[in-house]
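# A structural walkthrough
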Amino acid sequence: MSSEKTPIPAGSNFIRAIIEKDLSQNKYATKKWAGSPGDAAHQDTGVVDVAKIRTRFPPEPNGYLHIGHAKSIFLNFGLARDFDGICHLRFDDTNPEKESQEYVDSISDAVQWLGFGWDNTNETNLYFASNYFDLMYRAAESLIETGHAYVDEQSADEMRINRGTLTEAGKDSPYRSRSVADNLARFREMRDGKHADGSMVLRAKIDMASPNINMRDPAIYRVRRAHHHNTGDKWCIYPMYTFAHPIEDALERITHSICTLEFEDQRPFYDWLLERLAEAGLLAHPLPKQYEFARLNLTYVVLSKRKLIQLVEEKHVSGWDDPRLPTLAGARRRGYTPAGFKLFTDRIGVSKADSWIEYTILEDCMREVLNVDAERRIAVLDPIKLVIDNYPADQSEDCFAPNHPLKPELGKRTVQLTKELWIEREDFMEVPSKGFFRLTPDGMVRLRYGYVVKCTGCEKDADGNVTVVHCEYLPDTKSGTPGSDSVKVKGNIHWVSVAHAYEAEVRLYDRLFKEAHPGEGKHEDGRERDFLDDINQDSVQVITTQLELSLKDAKPEESFQFERHGYFVADKKDSVAGKPVFNRTVTLRDAWQK
RNA sequence: UGGGGAGUCGCCAAGUUGGUUAAGGCACUGGGUUUUGAUCCCAGCAUCCGAAGGUUCGAGUCCUUCCUCCUCAGCCA
């Protein structure tokens, strides 16, 4: 990445502290890099790596990225940027049964949308674990040759039983002491398709009595006849994550391999494996090191892949990019922005403590960036007619509205004022509640960017619903003219001319779940709650609105602040030229307690 | 109950080798500005760092014991 360097906040998180220390000790001063991933022999032909550190973002292409991944992306790519390093995008595609090109594409899109990429000065750092299958296979044979791996023919059930429990040691497999030659022959047979799926696995030979269950001879290669999205039908054996990931990191000369907390127990194996392969001459020092941080938990959403898939497949939402979903594709359609996510990740920090971030933090971040970035427009979401009785029916006059109060250089636009206007239904109350200072009989209010008007009454239908509000304007009070403030009013309401309005569809989104921790706890009858029980049935409201005419030209993904309402974005999917529809990204804060 | 982690203000989170009054952000509460009940500005907001002991002139930082939460027994990642 070649982007602006941001100053490094000293010791702002434990990973930065580790990197600063590593760098100050010149830990990577002689680390060689040949320009592409490879084993020790390959890297030795290279030169000292220009990247001071290497990190990686290694998603499995088996689903869509979500907000939690954004944290990891900003962490890994951000670290690389701040420390003169390089971050790789690597697809960890070692399980052919779950992965597909669709996911590879959506993940690539999301990473780029957040502002990162893989094209660096002299190299393209986009990799696939499956491209290392040959090297991984060699590493496995090396492990067998050095007596550190064996082919186990126990069934999965037998393996599970013999693995022991959390408090009891496991038992050695009857196949554990086979000869190197025998193991090698068997493993090659596995590769050559001589054995059925599930009939045997290759296991690392470590210690069946280890208190760390991950060290009790973990399986590292399995037989699985499945078509791989990248390697096709070339292989019928596939490496396990446990085995593959450390090797991927080492081949790419990653310095800091950052993952989430649940992999902590895996670290001893990570180090064990790389040390064995380095001893065998396959990998060179310095070897990558794994560090773990706490994954993101956000209130009012679910981030687990399983639950997201369920929401999509059972059609509780319209798709992976439903604006209510915490997927990056959904957030994007909702109008959330990369800058907002950047602010968010900076704000929540990185640590090892399990935590739940309040969803409002994310919303505040979006408001904060949109307040600065989004131009203002006028939108009447729940229209009711206001008639200015003392205004000529055939008259239309220009009013000037600033495009951005914080950026006068963005200029003003004209909106037309006429006798009949649309105003917000909630801006009129025939019987005002306490503290209400908008339109009410005999009350005065300013029509934003226009005149001060005095309410004279309203019309109602047979059911008592207000249908039209009447008022009279005060001619000398037009905004921007001398003496416009001769009449002071507290209320200030927005409006759109009936004759100059764009009638548009707007979607008002609310949170998808009613509970802060969806599915947590039990029902009154003692039954476990399901996260689906907490779905908010009113999470979207599609309404017909009256917008100022200029909004007709909004481009897909263009964000605006609809004054007094919130931030809205022209939907990237359903908008057509000249007829955009809008999604509410987030409301404005509202300090008025009704 | 074995191993590995984590517990600092309502929510996050600094606090490196022990050294005066425990950063910062968000939230919240006052006050000010404002033609968005928005934004912005100013002020306030942990005698206390999961608990209890101990070491020390001095401990969130060291020691002991205890408590709570997370995580690991896939031929998933």
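Keep in mind the model is a prediction, meaning the values are calculated, not measured.

On to the protein's contact with RNA strand B, then. Near RNA strand B lie 67 residues; those nearest to it are D265, S351, F437, R438 and S479. Near the protein, meaning within 4 Å, the atoms of RNA strand B are sugar or phosphate in a fraction of 64%, with bases accounting for the rest. A156 places a polar main-chain atom, nitrogen or oxygen, 3.3 Å from a base nitrogen of RNA strand B. A distance of 3.5 Å separates a base oxygen of RNA strand B from a polar atom in the backbone of F437.

Turning next to the sheet that holds strand β8 (residues 149-152). Strand pairing within a sheet occurs via backbone hydrogen bonds; the two strands may be parallel or antiparallel. Overall, antiparallel pairing links the 4 strands, which are arranged β8-β9-β10-β11 in an open sheet. Of all strands in the sheet, those bounded by a partner on one side alone are β8 and β11 (237-239). Between one strand and the next, the sheet's axes are offset by a mean angle of 20 degrees, whatever the strand orientation. Sheet topology note: the β8/strand β9 (residues 201-204) ladder contains 4 bridges and is antiparallel. Within β9, the position partnered with Y150 by the bridge is R203.

Moving on: helix α13 (residues 359-373). Here α13 contains 15 residues, and its C-alpha end-to-end distance of 22 Å stays within 8% of the 21 Å for a straight helix at 1.5 Å per residue. For α13, every residue scored as buried is listed here: Y359, L362, E363, C365, M366, R367, V369 and L370. Turning to α13, the residues buried within the fold contact α3 (67-82), α12 (338-348), β14 (375-377), β27 (559-562), β28 (566-570) and β29 (582-587).

All right, on to the domain arrangement of chain A then. Each assigned domain of chain A is listed with its residue range as follows: domain 1 (2-133 + 241-298), domain 2 (140-239) and domain 3 (375-586). Computed over C-alpha atoms, the centres of domain 1 and domain 2 are 26 Å apart. Counting residues at the interface gives 27 residues for domain 1, matched by 24 residues for domain 2. Remark: the boundary between domain 1 and domain 2 carries 0 salt bridges. Counting every contact that joins domain 1 to domain 2 gives 5 residue pairs in polar contact (both at pLDDT 80 or more).

Attention shifts here to the state of the cysteines. With the rule as written, the count across this model stands at 0 disulfides. Free of any disulfide, C259 has its nearest neighbouring cysteine sulfur in C87, separated by 14 Å. Here C259 falls in the buried class, since its relative accessible area comes to 9%. Left without a disulfide partner, C471 is nearest to the cysteine sulfur of C455, which lies 7.0 Å away.

Strands sit in the order β3-β4-β7 across an open sheet of 3 strands; the sheet is parallel. A single partner strand is all that each edge strand has here, and the edge strands are β3 (54-57) and β7 (126-128). With direction set aside, neighbouring strand axes in the sheet form an average angle of 35 degrees. Judged from the 4 bridges that link them, β3 and strand β4 (residues 86-91) form a sheet pairing that is parallel. Looking at β4, one finds that R56 is bridged to H88. Strands in contact with helix α4 (residues 101-113) are β3, β4 and β7; relative to β4, the strand with the most contacts, it is inclined by about 160 degrees.

Bringing the side chain of T337 into the picture now. For T337, the position within the fold is in the loop between α11 (328-334) and α12. Apart from residues no more than four positions distant in its own chain, T337 is found in contact with W113, M366, V369 and L370.

Let's shift gears to the layout of surface pockets. In this structure, the largest pocket occupies an estimated 1,100 Å³ of space. For the largest pocket, the lining is made up of 42 residues, of which H69, T260, E262, F263 and R295 are closest to its centre. Elements represented by at least two residues in the lining of the largest pocket include exactly β3, α3, α8 (241-251), β12 (256-260) and α10 (305-313). Sort the elements by how many residues they give to the lining of the largest pocket and α3 lands first, with 4 residues. Of the residues belonging to the lining of the largest pocket, the class tally is 19 nonpolar, 13 polar and 10 charged. Taken domain by domain, the lining of the largest pocket gets at least three of its residues from each of domain 1 (2-133 + 241-298) and domain 3 (375-586).

What follows concerns the pairing of β4. Burial analysis of β4 places 6 of its 6 residues in the buried class, which makes it a mostly covered element. Side chains of β4 alternate between two faces, with I86, H88 and R90 and C87, L89 and F91 buried alike. Tracing the backbone out of β3, into α3 and back to the parallel element β4 gives a crossover that is right-handed. Bridge count between β4 and β7: 3 bridges; the pairing is parallel. Paired with R90 across the strands is Y127, a residue of β7.

This part is about the environment of F344. Here F344 shows up in helix α12. With relative accessibility at 1%, the residue F344 sits in the buried group. Through-space distance from the C-alpha of F344 to that of M366 is 8.3 Å; in sequence the pair is 22 residues apart. The residues contacting F344, other than those within four sequence positions of it, are I67, L296, L298, I357, I361, L362 and C365.

Where strand β16 (residues 383-388) meets strand β22 (residues 466-474), 4 bridges bridge the pair, whose relative direction is parallel. When the sheet's bridge partners are listed, K385 is paired in β22 with V468. Pairing geometry for strand β21 (residues 452-460) and β22, over 8 bridges, is antiparallel. Looking across to β22, one finds that G457 is bridged to H470. Linking β21 back to β22 in an antiparallel pair, the connection comprises 5 residues, with G464 at a positive phi of about 90 degrees.

Right, let's talk about the packing of aromatic side chains for a bit. Each aromatic ring pair is described using two quantities: the centre-to-centre distance and the angle formed by the ring planes. Evaluated as defined, the whole model comprises 22 aromatic pairs. Consider the rings of F269 and W272, whose centres lie 5.6 Å apart with planes at 25 degrees: the pair is stacked. Taken together, the residues span about one helical turn, with F269 and W272 both in helix α9 (residues 267-279) at a distance of 3 residues. W272 gets classed as buried once you look at its relative accessible area, which sits at 13%. Taken together, the ring pairs connect F133, Y137, F187, Y221, W235, Y238 and F243 into an aromatic cluster. A cation over an aromatic ring shows up here: R54 above the ring of W33, its NZ or CZ 4.0 Å from the ring centre. Over the aromatic face of Y300 sits the side chain of R511, whose NZ or CZ is 3.8 Å from the ring centroid.

It is worth spelling out α4 at this point. The end-to-end C-alpha distance of α4 is 18 Å, a good match for the 18 Å that 13 residues give at a rise of 1.5 Å each. G115 occupies a position one or two residues after α4 and carries a positive phi of about 105 degrees.

Calculation notes
Residues numbered from 1 in each chain as written. Chains lettered and ligands numbered in written order. Predicted model: local features only at pLDDT ≥ 70, side-chain atom pairs only at ≥ 80, totals over all residues. Heavy atoms only, no water. Near = heavy atom within 4 Å. Polar contact = N/O pair within 3.5 Å; in protein donor to acceptor, adjacent residues only side chain to side chain. Pairing = 2+ DSSP bridges. Helix = DSSP H or I, 4+ residues; strand = E, 2+ residues; numbered from the N terminus. Axes fitted to C-alpha atoms, helices over the stretch in contact; angles between N-to-C directions. Expected span 1.5 Å × (residues − 1). Buried < 20%, exposed > 50% of the residue type's maximum accessible area, 1.4 Å probe, protein only. Contact = heavy atoms within 4.5 Å. Domains from an automatic or database assignment. Salt bridge = Lys/Arg side-chain N within 4 Å of Asp/Glu carboxyl O. Disulfide = S-S within 2.5 Å. 1 Å grid on protein atoms, 1.4 Å probe; cavity = no way out; pocket = protein on both sides within 12 Å on 5 of 7 lines; lining within 4 Å. Points joined across faces, edges and corners; volume = space filled by probe spheres on them. Nonpolar A, V, L, I, M, F, W, Y, C, P; charged D, E, K, R; others polar. Right-handed = clockwise from strand over helix to strand, strands pointing away. Phe/Tyr/Trp six-rings, centres within 6.5 Å; stacked < 30°, edge-to-face > 60°. Lys NZ or Arg CZ within 6 Å of the ring centre and 35° of its normal.

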